[in-house]
Amino acid sequence: MLIVALKMLARDRAKFLSIVMGVTFAVFLIVEQGCVFTGLMRRSGAIILDTKSVDLWVFDSRVKTVDDLRALKDSDLWRVRDVEGVEWATRWFKGAARAKRLDGRYENVLVIGVDDATMIGAPSAMVEGSVADLVRRDAGIIDVAGSMKIGGVEVGEELTFNDRRAVIVGKSAATRNFQSLPVIHTRYSQAIQWVPTERSTLSAILVKVQPGIDTDVVAARIRDTTGLIAETPEEFRWRTIRYVLKYTGIAINIGTTIALGFIVGAAIAGQTFYSFAVDNLKQFAALKAMGASEGTLAAMILVQACAVAALGYGMGVGLASLVARSAGPNGQLPVYLTPELLLISAGAVFSLCMGAGLVALRKVAKTEPAMVFK
Amino acid sequence: MSAVDPFEKPAPARATGIIRMPVLRARGLVKTYGSADETVRALDGVDIDIMSGGITMVVGPSGCGKTTLISVLAATLDADEGTIEAFGESLHDMDPEAKTTFRRRNIGFVFQQYNLLPGLSAEENVEIPLILSGRPRRAAREAARAMLVRVGLGDKVASRPSQLSGGQQQRVAIARALVHQPRLLVCDEPTAALDGDSGRLVMNLIRELAVDPERAVVVVTHDTRLYGYADLFAVMSDGRIAKIARKEEMSSNSVAEPHP
Ligand SMILES: Nc1ncnc2c1ncn2[C@@H]1O[C@H](COP(=O)(O)OP(=O)(O)O)[C@@H](O)[C@H]1O
Ligand SMILES: [Mg+2]
């Protein structure tokens, strides 16, 4: 009878389409908004994510996010290097600067300075040019998405920072950051010339832990001996995300949109599915008269609900990922499709369809088989 | 109720069915619709025996309780009062689940509005009773096709109800009602939505295919032109059985001959 149920559903073209569209729309809204949310969260920790082969980030104890680093002292670097279990520790600089283009326009950019000798923290994925070129005089590598945002910057183009020359020697595939500013990587020594700063210029210290030694143990040691905070990239990213969630209202905004998407979707999908079941009440009554048990009818309706949920889910996710694909992860829109999001939206849409199915089922269960004589 | 013993005289030669024995015995059926202040007593103390081997026609004016009666007899509606013994079982004692099983095993339905599932082809509709009783798909499909051949729709097995005329749809419904060999066939105004010729075709099919010594057939109608198909009449009026009559006892002007 489950096959009969699916035929009943699928061969009622118009209603079937409108139900599947309703569910698709609901899924799309949920996944799309969820993508924007995860996209923003990803962006908020993008710089941490992009800085590869680092076990620990060391920063001032008052720091709440990667966008609000406080200057460390040079002596901190030596003290961290002395901590037992630290393989290496390098300087890392991040600062906002204004770049002057050849045509005289000014653009706000983020400048990241990486250790001159080791280049640790340099872009890990290049689109054009090579990280090795960073050793050249005045060299900087800009991220592709950021360069497009300021109207395209070509390799070889010269910029001026603070009356100092800069030459773009390559383009990286860095993840877009929260402020959507172009990111220019350069050597540490270069960065502190481009960016006007106070006395001290060390934003954070990047640490590699010796092989075989527990990262948490080393982190605790660094904390104890320096009074600084040492966190794994993931911890630091979540520290940043928590801050963004807490102080920017993004969570409330997007949460509201997701809730609205869910409610609107639930209304559309639930309503159309419910009305499908009610429209078919007489068919169900006929089946009941012919001796279909409550269990059989329940299975039929739930299978219909499942089918609708699965189709709508597939199409909704398909649509959302099309949008995500065309926009991200480095496009203009901050969208990022995660497995968690897929699971959550699947849970949401299936419970939604099941809910509608159960309501419809109640209605069918209450129907007298004698209704079929009317 | 004027009790008439159908075994008093032998069935007339014209009737194709030979009424055998009561397989369904209802006593004191009462069914009331509506709320406290406005109630309709659709069944007001009905006693009736339904015999196998022929067609019992329930006749009477619109609103007299015919549909309610066969709904109750077919175990799709619970009476407020009264008892029904059917095929040796007490319907009035059954819980809903047992009634469902009873219907699945014993009853075939033909409705005025056909009530075919519009999404399903003729053969898919006809095999439903077999699938419900757990017949393997292939066997169900074969039996459904054979049944459609018997109602003259061997070339329409794949047609959807919307592609069939009313008469053809009702023939599919007859195939569906008989495919699982039920012991009771109930037909509520089976020809009311059809033109005269289609109606006669449908009644002829019921006559030829449904009447069986092992099966009771109840046809509800208020169409006097169909009276010729009956073996026995239950004449209803205001929720009661006014009389039980054999064909020759019905007033001659209301009885038309069948057109086989
Ligand atoms: N579901 C219902 N609710 C209220 N009244 C009903 C219902 N079904 C039937 N009736 C009433 O019960 C009476 C008998 O109806 P019914 O059995 O359908 O008669 P018939 O089939 O002979 O036309 C009528 O007066 C009808 O209006
Ligand atoms: Mg009626």
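Residues numbered from 1 in each chain as written. Chains lettered and ligands numbered in written order. Predicted model: local features only at pLDDT ≥ 70, side-chain atom pairs only at ≥ 80, totals over all residues. Heavy atoms only, no water.

## Describing the overall build of chain B
The criterion, for reference: Secondary structure counts use DSSP, requiring at least four H or I residues in a row for a helix and at least two E residues in a row for a strand, with both numbered from the N terminus. Only heavy atoms matter for contacts: two residues are in contact if any of them lie within 4.5 Å across the pair. Here the Shrake-Rupley method, with its probe set to 1.4 Å, supplies the accessible areas, and only the displayed protein chains count as covering residues.
For chain B, the helix and strand inventory stands at seven helices and ten strands. Sequence-distant contacts in chain B: of pairs separated by 6 or more residues, those separated by 24 or more amount to 70%. If you sum the accessible surface of chain B, you get close to 11,000 Å²; carbon and sulfur atoms cover 47% of it.

## Focus on the overall build of chain A
The cut-off we apply is this: For this measure, only C-alpha atoms enter the radius of gyration; the expected value for a globule follows 2.2 Å times N^0.38, where N is the number of residues. Three exposure classes are used, based on accessible area relative to the maximum for each residue type with a 1.4 Å probe and protein chains only: buried under 20%, partly exposed in between, and exposed over 50%. We count Lys and Arg on the positive side and Asp and Glu on the negative side, and we leave His and both chain ends out. By convention, charge coordinates are those of NZ in Lys, CZ in Arg, CG in Asp, or CD in Glu.
Helix and strand counts for chain A come out as twelve helices and ten strands. Over its C-alpha trace chain A gives a radius of gyration of 28 Å, far above what one expects of a compact globule, namely 21 Å for 374 residues. Expressed as a percentage of the 374 residues in chain A, the buried residues total 52%. For chain A, the computed accessible surface area is about 16,100 Å², with 59% contributed by carbon and sulfur atoms. Averaging the coordinates of the 42 positive side-chain charges in chain A and doing the same for the 35 negative ones gives two points 8 Å apart.

## A word on the confidence of the model for chain B
All names here are of chain B. Rules: For every residue, the pLDDT score states the predictor's confidence, bounded by 0 at the bottom and 100 at the top.
Taken residue by residue, chain B gives an average pLDDT of 88. The fraction at 70 or more is 88%. Scored below 50 in pLDDT, residues 1-15 makes 24 contacts in the model with residues more than four places away or belonging to other chains. Segment residues 252-260: pLDDT under 50, and 18 contacts once partners within four positions in sequence are set aside and those in other chains are kept. Here the prediction assigns the complex a pTM of 0.76, and the interface score ipTM is 0.87.

## Here's the deal with the interface of chain B and chain A
What counts, and what does not: By buried area we mean how much accessible surface two parts lose on assembly, using a 1.4 Å probe and totalling the loss over both. Here a salt bridge means any side-chain nitrogen of Lys or Arg lying within 4 Å of a carboxyl oxygen belonging to Asp or Glu. By the criterion applied in these results, polar contacts are pairs of N or O atoms within 3.5 Å in which, for protein atoms, one can donate a hydrogen and the other can accept it, and in which residues neighboring in sequence qualify only through two side-chain atoms. Classes in brief: Ala, Val, Leu, Ile, Met, Phe, Trp, Tyr, Cys and Pro nonpolar; Asp, Glu, Lys and Arg charged; the others, Gly included, polar.
Facing 29 residues of chain B, the contacting portion of chain A comprises 23 residues. Buried surface at the junction of chain B and chain A, summed over both partners, amounts to about 2,300 Å²; 65% is from carbon and sulfur atoms. On the chain B side of the interface with chain A, the three residues burying the most area are T76, L117 and L132 of chain B, jointly 21% of the side's total. Linking chain B with chain A are two salt bridges, by the criterion used here. Linking E124 of chain B and R11 of chain A is a salt bridge whose minimum nitrogen-to-oxygen distance equals 2.7 Å. Between chain B and chain A we count seven residue pairs in polar contact (both at pLDDT 80 or more) in total. Among the elements of the structure, α1 (66-73), α2 (96-106), α4 (128-132), α5 (137-150) and β7 (184-188) of chain B are those that each provide at least two residues to the side of chain B that touches chain A. Looking at the side of chain B that touches chain A, the element that brings in the most residues is α4 of chain B, giving four residues. For the side of chain B that touches chain A, the class distribution of residues is 13 nonpolar, eight polar and eight charged.

## A few points about α5 of chain B
Residue and element names in this part refer to chain B. Just so we agree on the cut-off: Expected span of a helix: the number of residues minus one, times 1.5 Å. Relevant arc is that of directions from the helix axis to the C-beta atoms, nothing else.
The end-to-end C-alpha distance of α5, which contains 14 residues, comes to 20 Å, matching closely the 20 Å that a straight helix rising 1.5 Å per residue would cover. Within the sequence span of α5, burial applies to A140, A144, M147 and L148. With its buried residues spanning 100° around the axis, α5 presents them on a single face. Opposite the buried face of α5, at more than 90 degrees from it, the exposed residues are R138, E142 and V149. As for α5, its buried residues are in contact with α3 (122-126), α4, α6 (166-178) and α7 (196-210).

## Quick notes on the pattern of salt bridges
Residue and element names in this part refer to chain B. Evaluation of the coordinates by the stated rule reveals 33 salt bridges over all chains. Between R141 and E127 there is a salt bridge, and its shortest N-O distance comes to 2.8 Å. Pair noted here: R141 is in helix α5 and E127 is in the loop between α3 and α4, with a separation of 14 residues, a long-range link. For R225, the salt bridge identified is with D223, shortest N-O distance 3.2 Å. According to the relative accessible area criterion, D223 is buried, its value standing at 18%. It is possible to trace a salt-bridge network through shared partners that takes in E123, E127, R137, R141 and R145.

## A word on the packing of helix α2 (residues 13-44) of chain A against helix α11 (residues 294-327) of chain A
All names here are of chain A. Under the convention used in this document: Note on geometry: axes are lines fitted to C-alpha atoms, helical ones only across the stretch in contact, with angles between N-to-C directions running from 0 to 180 degrees. An angle counts as roughly parallel when it lies under 35 degrees, as roughly antiparallel when it exceeds 145, as roughly perpendicular when it falls between 65 and 115, and as oblique in every other case. If you view the pair so one helix is near and one far, a crossing is left-handed when the near helix is turned anticlockwise from the far one by less than a right angle, and right-handed when it is turned clockwise.
α11 packs onto α2 with a crossing angle of 45° between their chain directions and a minimal axis gap of 7 Å. Our classification of the angle between α2 and α11 gives oblique. When the axes of α2 and α11 are compared, the crossing they make is right-handed. On α11, the residues that touch F16, I19, V20, M21, V23, T24, V27, F28, V31 and E32 of α2 are V308, A309, L311, G312, Y313, M315, G316, V317, L319, A320 and V323. Residues that form the contact of α2 with α11 fall into these classes: 17 nonpolar, three polar and one charged.

## Comments concerning unusual backbone geometry
Residue and element names in this part refer to chain B. A positive phi angle, near 65°, is found at A75, a position not held by glycine. In this fold, A75 is placed in the loop between α1 and β4 (81-86). Phi at D238 takes a positive value of approximately 50°, unusual for a residue other than glycine. Summarising the element assignment, D238 is placed in the loop between β9 (232-237) and β10 (240-246).

## Brief notes about the packing of aromatic side chains
Given two aromatic rings, one states the distance between the centres and the angle between the planes to describe the pair. Residues and elements named next belong to chain A. For clarity, the cut-off: Ring pairs shown here join Phe, Tyr and Trp side chains whose ring centres sit within 6.5 Å, with only the six-membered ring taken for Trp; geometry is labelled stacked below 30 degrees between planes, edge-to-face above 60, and tilted in between. A ring has a charge above it when a Lys NZ or an Arg CZ is no more than 6 Å from the ring centre and no more than 35 degrees off the ring normal.
One pass over the structure, following the stated rule, counts twelve aromatic pairs over all chains. Centre to centre, the rings of Y243 and Y247 are 4.8 Å apart; their planes meet at 40°, and the pair counts as tilted. Taken as a pair, Y243 and Y247 lie in helix α8 (residues 233-248) at a separation of four residues, close to a single helical turn. Cation over ring: R91 sits above Y188, and NZ or CZ is 5.2 Å from the ring centre. Between the NZ or CZ atom of R98 and the centre of the ring of Y106, over which it lies, the distance is 4.4 Å.

## Quick word on the site of ligand 1
Selection rule: Any residue with a heavy atom positioned within 4 Å of a molecule or strand is treated as near that molecule or strand.
Residues in close proximity to ligand 1 include K374 of chain A together with Y33, V40, A42, P61, S62, G63, C64, G65, K66, T67 and T68 of chain B, which together make up its full environment. Around ligand 1, the nearby residues trace back to chains A and B. Contact between ligand 1 and C64 of chain B: an oxygen atom at 3.3 Å from a main-chain N or O atom of the residue. Between ligand 1 and T67 of chain B there is a distance of 2.7 Å, counted from an oxygen atom to a side-chain nitrogen or oxygen. For the shell around ligand 1, the element with the most residues is α1 of chain B, which contributes three residues.

## A short note on the sheet that holds β9 of chain B
Picture the strands of a sheet paired through backbone hydrogen bonds; they go either parallel or antiparallel. Residue and element names in this part refer to chain B. We count it as follows: Pairing between strands requires that DSSP locate at least two bridges from one strand to the other.
Pairing is mixed in the open sheet, where six strands are placed in the order β6-β7-β8-β3-β9-β10. Only two strands of the sheet have a single partner each, and these edge strands are β6 (107-110) and β10. Direction aside, neighbouring strands of the sheet carry axes that sit 20° apart on average. Relative to β10, β9 is paired through six bridges, and the arrangement is antiparallel.

## Overview of the nonpolar core
Applied cut-off: Among buried residues, those of type Ala, Val, Leu, Ile, Met, Phe, Trp, Tyr and Cys that are joined through side-chain atoms within 4.5 Å constitute a nonpolar core.
L287 of chain A together with I48, M57, L69 and I206 of chain B are the most contacted members of the largest nonpolar core, which has 142 residues in total. Here the element with the most residues in this core is α11 of chain A; it accounts for twelve residues. If we skip the residues at most four places from it in the chain, M57 of chain B touches M203, V219, T221, L226, Y227, Y229, A230, L232, F233 and A234 of chain B. If you look at the next biggest cluster of nonpolar residues, it comprises 34 residues, including V58, A89, A166 and A230 of chain A.

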